[in-house]
Amino acid sequence: MRGWGRSTPSSRPRMRHALITSGLLAVTACAGAPESAPDPTDGLDALVASVAFDPEIPGALLYAYSPALSLEWAGAAGVSDLASGTPLSADQTVRNASNTKTYVAAAVLRLWEDGRLELDAPIVSFLDDEQASLLSGDGYELGQISLRHLLSHTGGLIDHGSAPEYLQAVTADPEHRWTRDEQLNGAVAWGDPLGPSGEAYSYSDTGYIILGQVIERVTGEPLGPAVRTLLGFERLGLDATWWELMEDAPASGGSRAHQYLGGTDTHAWDPSLDSYGGGGLVTSSRDLGRFWHALFNGSVFSTSATLDTLLTSPVSPASSDYRMGVFVRDVEGFAGFGHSGFWGTRAVYVPELDLVVAGAVTEQTRAAEVFRMTNEAVRLIVATQNEASGGS
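Fair warning: this is a prediction, and the values are worked out from it, not measured in the lab.

Caption draft 1: Inspection of the pattern of salt bridges at higher detail. For the coordinates displayed, the defined rule picks out 17 salt bridges. Note that glutamate 244 is salt-bridged to arginine 95, the shortest N-O span being 2.6 Å. Remark: arginine 95 occurs in strand 4 (residues 93-95) and glutamate 244 occurs in the loop between strand 5 (241-243) and strand 6 (260-261); sequence separation between them is 149 residues. As far as burial versus exposure is concerned, glutamate 244 and arginine 95 are alike and both buried. Residue aspartate 205 is joined to lysine 101 by a salt bridge in which the shortest nitrogen-to-oxygen separation is 2.5 Å. One end of the pair, aspartate 205, is in helix 7 (residues 205-219); the other, lysine 101, is in helix 2 (residues 100-113), and 104 residues separate them in sequence. On the basis of relative accessible area, aspartate 205 is assigned to the buried category, the value being 2%. Lysine 101 gets classed as buried once you look at its relative accessible area, which sits at 0%. Three or more residues joined by partner-sharing salt bridges are found here, namely Asp54, Arg366, Glu369 and Arg372.

Below is the structure:
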């Protein structure tokens, strides 16, 4: 769904009151935190408020967590719903779109480390006859495309989510209940194979909806419950995370905020447009951040070797900043790992600081602001630490 950013914002009342609700969980909330721990919360409050002050962005959510820095903070600014003007609160949830890919990749790796599938297995063994005939008829060499290729976007598959035809179909009938097969048919109708598998990176939602089916075939469960079990949502304390269409919203989660596309409220759009592995999860910023921290701190996989595999470069020599469900990016001078989502969501983890920052903006056409906000949060936290220690 990355190509949807081409939409043009429509006019709407310009909101100049950035309502701020800071879910301050306390900078010194972590066990053993020193009483003199530096406090970046004023700066984080100001940062999230500055983003929501943008007249085109109804609301912004931000979460920061680092046990090493004795930091946990959550905040929100703006409104949850333009029509009602209800203030946005830090515990509210949003559709996370492609951030879901990290969870799907981790679930596949969990199956791999349990010996339930092989990463180099060809995808044809996980497709039904009609799907295999459809894709092979379009020129895909299904015996040469592996799960590893799909995980790293190196399978040569087009991205149905970026096709203009898909955007047109979704916006023409936003309540349509899409199926995985409809999206695969669209991938075939709207483009051709991009080249041999394993040779180059090209982002593909189509590859990840196939991975969603792989998880269902191996586990015998719907995708949402299967991922929940494989990754241990309850054990990780992710009580505001669920898969739309496949699970009920948890009572402990905050209400889902309204998300906009060029000023159009998409809250009632059918979630099936992005539900089968390329997207589908709804989470709070806290849950998103906590999952990323757990992923990199030994709480998701059985062994550290599995995380190493997840972070293996998909092509050699490395010509892509994508691994398996994870982007490798510079974050304010630090090595960082992260992912973003079409609707304006992002999580980024900085190992050197043991710091995760997650957030969202609720206007898709201003989705780039979530990158600025999360990067600026890292810079602000580092600056606070430097000031407290007398560094530069």
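Moving on from the model shown.
Caption draft 2: Up close: unusual backbone geometry. Unusually for a residue other than glycine, alanine 97 sits at a positive phi of about 50 degrees. Within the secondary structure layout, alanine 97 lies in the loop between strand 4 and helix 2. At histidine 153, a position not held by glycine, the phi torsion is positive, near 60 degrees. Structurally, histidine 153 is set in the loop between helix 4 (147-151) and helix 5 (164-172). Judged by relative accessible area, histidine 153 falls into the buried class, the value being 2%.

Caption draft 3: Quick look at the packing of aromatic side chains. Using the criterion set out here, one finds 13 aromatic pairs in the structure. An angle of 15 degrees between the planes, with centres 3.9 Å apart, marks the rings of tyrosine 103 and phenylalanine 291 as stacked. Here the residue tyrosine 103 occupies a position in helix 2, and phenylalanine 291 occupies one in helix 10 (residues 285-296), the gap between them amounting to 188 residues. By relative accessible area, which is 1% here, tyrosine 103 ends up buried.

Caption draft 4: Structural context of helix 10. If you check helix 10, its first and last C-alpha atoms are 17 Å apart, about what 12 residues at 1.5 Å a residue would give, namely 16 Å. In terms of burial, helix 10 is largely enclosed, as 10 of its 12 residues are buried. Buried residues of helix 10: Ser285, Asp287, Leu288, Gly289, Phe291, Trp292, His293, Ala294, Leu295 and Phe296, and no others. Once helix 10 ends, the next one or two residues include glycine 298, with phi positive near 80 degrees.

Caption draft 5: Expanded view of the environment of arginine 286. Structurally, arginine 286 is set in helix 10. Arginine 286 gets classed as partly exposed once you look at its relative accessible area, which sits at 26%. Here the alpha-carbon distance between arginine 286 and glycine 75, two residues 211 residues apart in the chain, equals 9.7 Å. Once you skip the residues sitting within four places of it in the chain, arginine 286 turns out to touch Tyr63, Glu72, Gly237 and Asp239.

Caption draft 6: Quick peek at the nonpolar core. Formed by 74 residues in total, the largest nonpolar core has its most connected members in Ile215, Phe291 and Trp292. When residues of this core are assigned to their parent elements, the largest contribution, 8 residues, is made by helix 2. Setting aside residues up to four positions removed in sequence, tryptophan 292 forms contacts with Thr102, Gly325, Val326, Phe337, Gly338, His339, Ala347, Tyr349 and Val356. Of all hydrophobic cores here, the second largest spans 29 residues; its members include Ala60, Val370, Ala377 and Leu380.

Caption draft 7: Inspection of the pairing of strand 9 (residues 327-331) at higher detail. Across 5 bridges, strand 9 lies against strand 10 (residues 334-341) in antiparallel orientation. Bridging from a neighbouring strand, valine 331 pairs with phenylalanine 334 of strand 10. Here strand 9 folds back onto strand 10 in antiparallel fashion, the turn holding 2 residues, of which glutamate 332 has a positive phi close to 55 degrees.

Caption draft 8: Spatial organisation of the packing of helix 2 against helix 10. Between helix 2 and helix 10, the least distance of the axes is 11 Å, while the angle of their chain directions is 35 degrees. Classified by chirality, the crossing of helix 10 by helix 2 is left-handed. Residues Thr102, Tyr103 and Ala106 of helix 2 lie in contact with helix 10, whose contacting residues are Asp287, Leu288, Phe291, Trp292 and Leu295. Broken down by class, the residue content of the contact of helix 2 with helix 10 amounts to 6 nonpolar, 1 polar and 1 charged.

Caption draft 9: Just the packing of helix 6 (residues 180-190) against helix 7, in detail. Contact pair helix 6 / helix 7: the axes reach a minimum separation of 10 Å and the direction vectors enclose 145 degrees. As helix 6 packs across helix 7, the resulting crossing turns out to be left-handed. Where helix 6 abuts helix 7, its residues Arg180, Gln183, Leu184 and Ala187 lie against Thr206, Ile209, Ile210, Gly212, Gln213 and Glu216. Residue composition of the contact of helix 6 with helix 7, by class: 4 nonpolar, 4 polar and 2 charged.

Parameters at a glance
- Residues numbered from 1 in each chain as written.
- Predicted model: local features only at pLDDT ≥ 70, side-chain atom pairs only at ≥ 80, totals over all residues.
- Heavy atoms only, no water.
- Salt bridge = Lys/Arg side-chain N within 4 Å of Asp/Glu carboxyl O.
- Helix = DSSP H or I, 4+ residues; strand = E, 2+ residues; numbered from the N terminus.
- Buried < 20%, exposed > 50% of the residue type's maximum accessible area, 1.4 Å probe, protein only.
- Phe/Tyr/Trp six-rings, centres within 6.5 Å; stacked < 30°, edge-to-face > 60°.
- Expected span 1.5 Å × (residues − 1).
- Contact = heavy atoms within 4.5 Å.
- Core = buried A, V, L, I, M, F, W, Y, C linked by side-chain atoms within 4.5 Å.
- Pairing = 2+ DSSP bridges.
- Axes fitted to C-alpha atoms, helices over the stretch in contact; angles between N-to-C directions.
- Left-handed = near helix turned anticlockwise from the far one by under 90°.
- Nonpolar A, V, L, I, M, F, W, Y, C, P; charged D, E, K, R; others polar.

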